[in-house]
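# Structural overview for review
Residue-level listing of the chains:
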Amino acid sequence: YRDDDDINDVASMAGVNLNEESARIMATNSDLVGTQIQSCKDEPFLAAIPLHKRILETAKKLGITDVPAEVVTFISHATQNRLRTVIEKVTVITQHRMESYKDDEWYEQATDVRSQLKFFEQLERLEKQRKDEQEREILLKAAKSRSRQEDPEQARLKQKAKEMQQQELAQMRQRDANLTALAAIGPRKKRKLDSPGLLTIGGEGLTVSGGGQAGVGTPSSRQYARQKITRVNLRDFIFYMEQERETSHSLLLYRALLK
């Protein structure tokens with residue numbers, strides 16, 4: 001620094017020009033300079049007149065004859081806040097329900113209930129097939145027997161064996177007819193979904209021409225991304241009411257469980 005410079009002027013010693021910095025700040029925030037910020041009008045969430053009437057009807061039962069407008073506005077805002085809280089919590093519950101950890105590398109599958117159910121169903125199917133085979137053998141033996149003195153039980157078994165053979169014959173004919181019809185129709189042609197000239201956006205087809213332009217099959221030429229929709233069902237609301245202290249033992253929860 002020169003001899004005539006002030007040793008206490010830190011900005012000058014650092015090479016910063018305060019006038020240039022002030023001009024740059026004013027140019028950057030010029031739209032905010034001189035503006036006034038004021039609060040917006042307080043608009044109630046619920047209709048004021050019906051809500052005031054409902055509050056007066058409830059207040060008269062408790063001996064209250066006058067309810068100010070500020071109370072109506074406060075109750076309207078409280079209802080809005082409560083509804084927002086309920087929707088946010090139920091939305092989180094729904095998102096957790098729809099989340100899938102199958103492809104997450106930080107989770108491993110401990111049990112597979114679907115495979116266990118399929119295994120038990122296969123065991124039941126094999127057991128039923130074994131019993132049907134035993135019953136079929138008994139009926140075939142009864143049908144082949146040629147005893148002269150037949151009791152009613154033997155006659156019943158023969159009649160049942162005859163009905164079983166007719167049913168098996170009808171099933172074989174139906175199967176042959178289905179195979180013949182499928183052979184006459186021919187192999188089914190699968191629609192090509194991954195063709196080079198077709199691009200799917202939001203569930204609609206977008207055909208790309210050779211000139212680089214896109215022609216849309218719909219009348220509108222604009223394509224908007226489909227917004228993800230979170231669908232909340234009654235089971236999510238029941239789970240939410242079970243977790244909340246105010247509704248865990250309420251009559252509304254029991255009514256929801258009975259539906």
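Provided above is the structure to which this section pertains.
Residues numbered from 1 in each chain as written. Predicted model: local features only at pLDDT ≥ 70, side-chain atom pairs only at ≥ 80, totals over all residues. Heavy atoms only, no water.

### Observations regarding the overall build of the protein chain
Quick reminder of the rule: Secondary structure elements are taken from DSSP: a helix is a run of H or I of four residues or more, a strand is a run of E of two residues or more, and numbering for both begins at the N terminus. The buried label goes to any residue with under 20% of its type's maximum accessible area, the exposed label to any with over 50%, and the partly exposed label to all in between, with areas taken from a 1.4 Å probe on protein chains only. Here, two residues are considered to be in contact whenever any of their heavy atoms come within 4.5 Å of each other. Computed by Shrake-Rupley with a 1.4 Å probe, the accessible areas treat only the displayed protein chains as cover when residues are assessed.
Each helix and strand in the protein chain was counted, giving 8 helices and 3 strands. Across the protein chain, helices and strands are ordered from the amino to the carboxyl terminus as α-α-α-α-α-α-β-β-β-α-α. Every one of the 259 residues in the protein chain was classed for burial, and the buried ones make up 10%. For the protein chain, restricting intrachain contacts to residue pairs at least 6 apart in sequence, the fraction spanning at least 24 positions comes to 41%. With the model as given, the accessible surface of the protein chain reaches about 24100 Å², and the carbon-plus-sulfur share is 54%.

### Side note on the nonpolar core
In plain terms, the rule: Nonpolar cores were defined as sets of buried Ala, Val, Leu, Ile, Met, Phe, Trp, Tyr and Cys residues, with membership established by side-chain atoms within 4.5 Å.
Core analysis: the biggest nonpolar cluster contains 8 residues, these being Val86, Val90, Ile93, Ile238, Tyr240, Met241, Leu253 and Ala256. When residues of this core are traced back to their parent elements, those giving at least two are α4 (69-98), α7 (234-243) and α8 (251-258). The contacts of Ile93, once residues within four sequence positions are left out, are Asp236, Phe239 and Tyr240.

### Examining the packing of helix α3 (residues 48-61) against α4
This is how it is decided: Every axis corresponds to a line fitted to the C-alpha atoms, with the helix fit spanning only the stretch in contact, and the corresponding angles, defined between N-to-C directions, vary from 0 to 180 degrees. Note on angle classes: values under 35 degrees are labelled roughly parallel, values over 145 roughly antiparallel, values of 65 to 115 roughly perpendicular, and the remainder oblique. Gly is placed with the polar residues, together with every amino acid not listed as nonpolar (Ala, Val, Leu, Ile, Met, Phe, Trp, Tyr, Cys and Pro) or charged (Asp, Glu, Lys and Arg).
At a minimum axis distance of 10 Å, the contact between α3 and α4 shows a crossing angle of 105°. Relative to α4, the element α3 lies roughly perpendicular. Counting all contacts with α3, which are made through Ala48, Leu51, His52 and Ile55, the residues of α4 involved are Val72, Ile75 and Ser76. Looking at the contact of α3 with α4 residue by residue, the classes come out as 5 nonpolar, 2 polar and no charged.

### What to know about α3
Residues separated by three or four positions in an α-helix point in the same direction, a consequence of the helix having 3.6 residues per turn. To keep it simple, the criterion reads: Given the number of residues in a helix, its expected span is that number minus one, multiplied by 1.5 Å. Note: the arc covers the axis-to-C-beta directions of the helix.
Here α3 spans 20 Å end to end across 14 residues, near enough to the 20 Å set by a 1.5 Å rise per residue. For α3, every residue scored as buried is listed here: Leu51, Ile55 and Ala59. One face of α3 carries all of its buried residues, which in axial projection span an arc of 70°. The outward face of α3, more than 90 degrees from its buried face, is lined by the exposed residues Ile49, Pro50, Lys53, Arg54, Lys60 and Lys61. For α3, the elements touching its buried residues are α4. Where α3 ends, the next residue or the one after it, Gly63, has phi of about 90°, a positive value.

### Focus on the pattern of salt bridges
The cut-off we apply is this: Salt bridges are defined as contacts in which a side-chain nitrogen from Lys or Arg sits within 4 Å of a carboxyl oxygen from Asp or Glu.
One pass over the full model with this rule turns up 5 salt bridges. Where Lys89 meets Glu244, a salt bridge forms, and the shortest distance between an N and an O atom there is 3.1 Å. Of this pair, Lys89 sits in helix α4 while Glu244 sits in the loop between α7 and α8; the two residues are 155 residues apart in sequence, bridging distant segments of the chain. For Lys89, a relative accessible area of 35% puts it in the partly exposed group.

### Quick notes on the environment of Phe237
Along the chain, Phe237 turns up in helix α7. By relative accessible area, which is 36% here, Phe237 ends up partly exposed. Sequence-wise, Phe237 and Lys89 are 148 residues apart; in three dimensions their C-alpha atoms are separated by 9.5 Å. Those residues in contact with Phe237 that lie beyond four places of it in its chain are Val86, Val90 and Val232.

### Side note on the layout of surface pockets
Where we set the bar: Two kinds of site are reported from a 1 Å grid over the protein atoms alone, namely cavities, where a 1.4 Å probe fits but cannot get out, and pockets, open sets with protein on both sides within 12 Å along at least five of seven lines, and residues are called lining when an atom falls within 4 Å of a point. Grid points are joined across faces, edges and corners, and a volume is the space filled by probe spheres set on the points.
In this structure, the largest pocket encloses a volume near 320 Å³. As for the largest pocket, its lining consists of Gln129, Asp132, Glu133, Glu135, Arg136, Leu139, Lys160, Glu163, Met164, Gln167, Glu168 and Gln171. For the lining of the largest pocket, the secondary-structure elements that each account for two or more residues are α5 (113-144) and α6 (152-185). Of the residues in the lining of the largest pocket, the class split is 2 nonpolar, 3 polar and 7 charged.

### Some points on the side chain of Thr247
This is how the line gets drawn: Polar contacts, as used here, are pairs of N or O atoms within 3.5 Å; protein pairs need one atom able to donate a hydrogen and one able to accept it. Residues neighboring in sequence count only if both atoms are side-chain atoms.
Turning to its location among the elements, Thr247 is positioned in the loop between α7 and α8. We classify Thr247 as buried; its relative accessible area is 16%. Looking at Thr247, its side chain comes within polar contact range of the main-chain oxygen of Met241, at 2.9 Å. Look past the residues within four positions of Thr247 in its chain and what remains in contact with it is Tyr240, Met241 and Leu253.

### Remarks on a nonpolar patch on the surface
We apply this condition: Patch membership needs two things, relative accessible area over 30% and no salt bridge, and members are linked within 9 Å if like-charged or within 5 Å if nonpolar (Val, Leu, Ile, Met, Phe, Trp, Tyr).
Together, Phe119, Phe120, Leu123 and Leu126 line one region of the surface with nonpolar side chains, adding up to about 400 Å² of accessible area. Its relative accessible area of 41% is what places Leu123 among the partly exposed residues.

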